[in-house]
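# Architecture and fold: a report
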Amino acid sequence: MPYRSQFIIIEDNLIDQFVTKKLLKKGLDINPIYIANNGKEGMNWLLKNQNQNPLIILLDIQMPIMNGFEFLEEFDKLPENIKENIEIFVLSSTLDIDEIKKVKENKYVSEFWSKPFRLEILQNAFLHA
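Residues numbered from 1 in each chain as written. Predicted model: local features only at pLDDT ≥ 70, side-chain atom pairs only at ≥ 80, totals over all residues. Heavy atoms only, no water.

## Concerning the packing of helix H2 (residues 39-48) against helix H3 (residues 68-76)
For clarity, the cut-off: Every axis corresponds to a line fitted to the C-alpha atoms, with the helix fit spanning only the stretch in contact, and the corresponding angles, defined between N-to-C directions, vary from 0 to 180 degrees. For helices the rule is a DSSP run of H or I covering at least 4 residues; for strands it is a run of E covering at least 2, with both sets numbered from the N terminus onward. Just so you know how the angles are binned, under 35 degrees is roughly parallel, over 145 roughly antiparallel, 65 to 115 roughly perpendicular, and the rest oblique. Crossing chirality is assigned from the near helix's rotation relative to the far helix, an anticlockwise turn below a right angle marking it left-handed and a clockwise turn marking it right-handed. In this description, contact between two residues means that some pair of their heavy atoms is separated by no more than 4.5 Å.
Running from N to C, H2 and H3 cross one another at 25°; their axes reach a closest spacing of 9 Å. Classed by the angle they form, the pair H2 and H3 counts as roughly parallel. In this structure, H2 crosses over H3, and the sense of that crossing is right-handed. Contact residues: H2 offers Gly39, Gly42, Met43 and Leu46, while H3 offers Phe71, Glu74 and Phe75.

Printed below as a string of structure tokens:
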């Protein structure tokens with residue numbers, strides 16, 4: 001059974017985009033999956049695609065133009081009616097303890113996942129919710 005939320009991957013690394021998209025399609029039967037190459041593209045997509053459908057954002061931290069932290073700052077400024085149906089999961093390969101702490105303390109971030117992550121993590125988060 002397909003998952004009902006829309007998904008957008010905000011990630012600059014093409015390999016990580018490909019792997020994450022494959023895991024979502026094969027493991028959770030999610031389609032379509034939207035891609036943004038940085039936080040600015042992700043924010044623009046979000047503003048153009050406002051609707052009442054639940055949205056899952058898979059957000060990288062280190063990206064050019066607008067990184068994950070900057071995206072979260074801009075997300076905070078959005079009206080509540082846009083934010084209410086959105087859940088954000090941060091995917092990062094960072095080992096920086098301060099960055100990880102900052103992510104985990106952000107009120108909009110549901111979970112922090114280290115890359116590379118396994119299909120079981122996605123299934124546990126989205127199929128058993």
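## Describing the packing of helix H1 (residues 14-28) against helix H6 (residues 119-126)
Convention followed: We call Asp, Glu, Lys and Arg charged. Ala, Val, Leu, Ile, Met, Phe, Trp, Tyr, Cys and Pro are nonpolar, and the rest, Gly among them, are polar.
Running from N to C, H1 and H6 cross one another at 60°; their axes reach a closest spacing of 10 Å. Here H6 runs oblique to H1, going by the angle between their axes. Our pair here, H1 against H6, has a crossing hand that is right-handed. Facing H1, whose interface residues are Leu23, Leu24, Gly27 and Leu28, H6 presents Leu119, Leu122, Gln123 and Phe126. Split by residue class, the contact of H1 with H6 holds six nonpolar, two polar and no charged.

## Points about the sheet that holds strand S5 (residues 109-114)
The cut-off we apply is this: Paired strands, as defined in this entry, are two strands with at least two bridges between them according to DSSP.
Spatial strand order, S2-S1-S3-S4-S5: five strands in an open sheet with parallel pairing. One side of each edge strand has no neighbouring strand; the edge strands of this open sheet are strand S2 (33-36) and S5. On average, each strand axis in the sheet is inclined to that of its neighbour by 20°, with strand direction left out of account. Two strands pair when backbone bridges link them, and strand S1 (residues 6-10) and S2 are joined in this way by four bridges, in the parallel orientation. The residue bridging Ile10 from the neighbouring strand is Ala36, located in S2. Along the sheet face, H2 touches S1, S2, strand S3 (55-59) and strand S4 (86-92) and points at about 155° away from the line of S1.

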